[in-house]
Amino acid sequence: MADMNVLMVGTGALGSIYAWRLQEGGARVTCVCRSNFATVQQDGFQINSGTYGQHTYRPTRVVSSVADAVADGTSFDYILVCTKALPNLGDNSEVIGPAVGARTVIVLIQNGIDIEEPFHARYPDAPLVSAIAYIDVSQPRAGAIEHGGVAALIMGAFANVDSNAAARVSQLSDAWAAQGVMSSVTDQVQAFRWLKLVWNASFNSVSVVSGGNNTKQMLGDKGCRGLIRNIMLEVYRIGEAATGGPLPVLMGKDSADAFIEDTDGRDAVEPSMLMDFRARRPMEHDVILRRPLDVARRLGVSAPYMEAVYAMLVMVEKTYMARL
């Protein structure tokens, strides 16, 4: 049994699955919900998972803010941050402030590159862990979670992870692994961030700029398939220049072609940017495209395909946000 007190900040589709699996193992999990708060507080999460089956998940506690989570004096061993990474809209690292204690391990389960520094700057003494999630999950309506066949996490230290904190990170990883999440701890977490970007920067961006298409539709078009491959190759080049060596191999996928073939062999996926585009929400283009492009320019790596889709994404977002 996992004897731990966990605060999940940003309990949407992704956060609900990782919170559920920890609680199944005995952890006490407080979920901070926003748009889905009333529904989850009353009915819990209605989860339909291809991996774990159908279940009504009721968190230990459901609150609408971090301040509410600590109002009764509760302290947390771990804070899991699963909010969208939108630094172009402001620094949201202060959100978790009321819950950060002397022993709290902060785990950032977010997309993109260079997401950690605002948290490290605000909480310079806190153990800070960077985590990459691989999961196919959506929340088509408040509290209703559709999960496919993948739930994985790769975690690694970013700052202040001494031997004691490292043991606690391993305990957290083991707790997930005991409940069917493919979870591991690595000393190459930044390289794995770049590796995830191979898929995210390509499929996410092209799903929107192509007019709103899922993975099957994109890969079924010769032009889109070629564009996706070219973006992947650019990410590989930038990531290898940034990390100083080859990017890791993930579950046998060691190249752009391997990622494309693997995706083509699976059921259709609607990337997160596509879901944000359809819902007219801000997209994570800053951490998935702009920041990698900043690294490319600094290192002298050419990335014209990424430059083009980034410019189009920003324009698409500006257009629909202006109409809200």
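These lines cover the structure that appears in this document, whether it is placed above or below. (Residues numbered from 1 in each chain as written. Predicted model: local features only at pLDDT ≥ 70, side-chain atom pairs only at ≥ 80, totals over all residues. Heavy atoms only, no water.)

## Some points on the overall build of the protein chain
- Helix and strand content of the protein chain: 12 helices and 10 strands.
- The C-alpha radius of gyration computed for the protein chain amounts to 19 Å, which stays within 12% of the reference 20 Å derived for 324 residues, consistent with globular compactness.
- The principal-axis extents of the C-alpha atoms in the protein chain amount to approximately 55 × 40 × 40 Å.
- In the protein chain, which comprises 324 residues, the share counted as buried stands at 51%.
- A fraction of 72% describes how many contacts in the protein chain between residues 6 or more apart in sequence connect residues 24 or more apart.
- Accessible surface computed for the protein chain: about 13,700 Å², of which carbon and sulfur atoms make up 49%.
- Both charge centroids of the protein chain, one from 28 positive and one from 33 negative side chains, sit 5 Å from each other. (Helix = DSSP H or I, 4+ residues; strand = E, 2+ residues; numbered from the N terminus. Rg over C-alpha atoms; globule rule 2.2 N^0.38 Å. Buried < 20%, exposed > 50% of the residue type's maximum accessible area, 1.4 Å probe, protein only. Contact = heavy atoms within 4.5 Å. Areas by Shrake-Rupley, 256 points an atom, 1.4 Å probe, with all protein chains shown as cover. Lys, Arg positive; Asp, Glu negative; His and termini not counted. Charge placed at Lys NZ, Arg CZ, Asp CG, Glu CD.)

## What about the pattern of salt bridges?
- Inspection of every chain in the model, using the stated rule, returns 18 salt bridges.
- The shortest N-O distance in the salt bridge between Arg 122 and Asp 91 comes to 3.2 Å. Residue Arg 122 is found in helix α4 (residues 117-122), and its partner Asp 91 is found in the loop between β6 (78-81) and β7 (105-109); the two are separated by 31 residues along the sequence.
- Close ionic contact of Asp 286 with Arg 290 constitutes a salt bridge, the shortest N to O distance being 2.6 Å. Pair noted here: Asp 286 and Arg 290 are both in helix α11 (residues 285-299), with a separation of four residues, about one helical turn.
- Residue Asp 286 is classed as buried on the basis of its relative accessible area of 4%.
- A cluster of three or more residues bridged by salt bridges with shared partners is formed by Asp 286, Arg 290, Arg 291, Asp 294, Arg 297 and Glu 307. (Salt bridge = Lys/Arg side-chain N within 4 Å of Asp/Glu carboxyl O.)

## Notes on the state of the cysteines
- The final tally for this structure, using the stated rule, is zero disulfides.
- Between Cys 31, a free cysteine, and Cys 33, which holds the nearest cysteine sulfur, the sulfur-to-sulfur gap is 5.6 Å. (Disulfide = S-S within 2.5 Å.)

## Remarks on the pairing of strand β4 (residues 53-57)
- With five bridges connecting them, strand β3 (residues 45-49) and β4 associate as antiparallel partners. Note on β4: the bridge partner recorded for Ile 47 is His 55.
- Between the antiparallel neighbours β3 and β4 lie three residues. (Pairing = 2+ DSSP bridges.)

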